[in-house]
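Chain residues, written in single-letter form:
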Amino acid sequence: MKKPNAPIICEQRNTRLLRRSTERTDAGQAIVEMALVIPFLVLLLIGALEFGTVAFSAIEVSNAAEAGALFGSQNRANAANTAGITLAAQNDASSVPGLTATPTTSCACQSAAGTLTALSCAATTTCTTPSQVVEWVTVITGATVNPPVYYPGIVPRNITLKGQATMRVAQQ
């Protein structure tokens, strides 16, 4: 009796083995892709953290200048209190180490028509009638921020932030 299927079975087995050895497998591809992408994602995350830290500090420095000017603008006595203005600015930005605040005042005579004539600020500053004394408080704040991670050539090691606010002193 003839065995007609015997050679066909061998050919089918050989074909399967040949296909298995030449087929590509995707096993491990996701791990390799993730290993290539993770360093870029971590770098992006650190960059976002750096940017957020510096932006927060810049907002704090700017707000501190406004807080100092607001304290000084309440009345002429507060406008002359440079220690109080500096303390108000530093208390507003307590999360920013090394904050400096420099308050200055400027005065002018304002006529009934609204024109201004500059004059020096003193306790006895007066203007000719009908003009009145107008006083402004300007506070300049500054701080140096050190980003947590240093990127040579990309981000400087120290970033200097500045803020400024000017407000008119209330007349009483």
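You'll find the structure just up there.
Values in this document were obtained by computation on a predicted structure and should not be read as measured data.

**Q** Outline the sheet that holds strand β1 (residues 100-110), supporting the account with residue identities and numerical values.
**A** Strand order in the open sheet formed by 4 strands is β2-β1-β3-β4, with antiparallel pairing between adjacent strands. If you trace the sheet from one side to the other, it starts and ends with β2 (116-119) and β4 (159-168), each paired once. In this sheet, adjacent strand axes meet at a mean angle of 30 degrees when their direction is disregarded. Inspection of the sheet shows β1 paired to strand β3 (residues 132-145) by 11 bridges, in the antiparallel sense. Looking at the pairing, Ser106 lines up with Trp136 of β3.

**Q** Quick one: what's the story with the pairing of β2, residue by residue and with numbers?
**A** As paired elements, β1 and β2 share 4 bridges and run antiparallel to each other. Paired with Cys109 across the bridge in β2 is Thr117. The hairpin formed by β1 and β2 contains 5 residues between the paired strands, and Gly114 there has a positive phi angle of roughly 100 degrees.

**Q** Describe in detail the packing of helix α2 (residues 29-72) against helix α4 (residues 82-92), supporting the description with residues and values.
**A** With their axes 7 Å apart at the nearest point, α2 and α4 run at an angle of 145 degrees to one another. Between α2 and α4 lies a crossing of right-handed hand. Residues Glu60, Asn63, Ala64, Ala67, Gly68, Phe71 and Gly72 of α2 touch α4, and the partners they reach there are Gly84, Ile85, Ala88, Ala89 and Asp92. Its residues assigned to classes, the contact of α2 with α4 shows 6 nonpolar, 4 polar and 2 charged.

**Q** Lay out the state of the cysteines with the relevant residues and their values.
**A** Scanning all chains against the criterion turns up 1 disulfide. Two residues, Cys109 and Cys127, share a disulfide whose sulfurs are 1.9 Å apart. Across the S-S bond linking Cys109 and Cys127, the dihedral sits near -95 degrees, which makes this disulfide left-handed. Taken together, the residues span a long stretch of sequence, with Cys109 in strand β1 and Cys127 in the loop between β2 and β3 at a distance of 18 residues.

**Q** Account for the nonpolar core, naming residues and giving values.
**A** Counting 20 residues, the largest nonpolar core has Val61, Leu99, Val137, Val139 and Leu161 as the members making the most contacts within it. When contributions to this core are tallied by element, the ones reaching two or more residues are α2, α4, β3 and β4. Per-element accounting of this core gives the leading share, 5 residues, to α2. Ignoring anything within four residues of it in the chain, the contact list for Val137 reads Ala69, Gly72, Ser73, Ala79, Ile85, Thr104, Thr105, Ala165, Thr166, Met167 and Val169.

**Q** Describe α2, with residues and values.
**A** A rise of 1.5 Å per residue sets the reference length of α2, with its 44 residues, at 64 Å; its end C-alpha atoms lie 65 Å apart and thus fit the reference within 8%. Along α2, the helix axis deviates most sharply at Val37, where the bend reaches about 30 degrees; the proline Pro39 sits within four residues downstream. Taken together, the buried positions of α2 are occupied by Glu50, Val54, Ser57, Glu60, Val61, Ala64, Ala65, Gly68, Ala69 and Gly72. Next to the buried residues of α2 lie α3 (76-80), α4, β3 and β4.

So, how was this worked out
Residues numbered from 1 in each chain as written. Predicted model: local features only at pLDDT ≥ 70, side-chain atom pairs only at ≥ 80, totals over all residues. Heavy atoms only, no water. Pairing = 2+ DSSP bridges. Helix = DSSP H or I, 4+ residues; strand = E, 2+ residues; numbered from the N terminus. Axes fitted to C-alpha atoms, helices over the stretch in contact; angles between N-to-C directions. Left-handed = near helix turned anticlockwise from the far one by under 90°. Contact = heavy atoms within 4.5 Å. Nonpolar A, V, L, I, M, F, W, Y, C, P; charged D, E, K, R; others polar. Disulfide = S-S within 2.5 Å. Core = buried A, V, L, I, M, F, W, Y, C linked by side-chain atoms within 4.5 Å. Buried < 20%, exposed > 50% of the residue type's maximum accessible area, 1.4 Å probe, protein only. Expected span 1.5 Å × (residues − 1). Bend = angle between axes of the 7 residues up to and from the residue.

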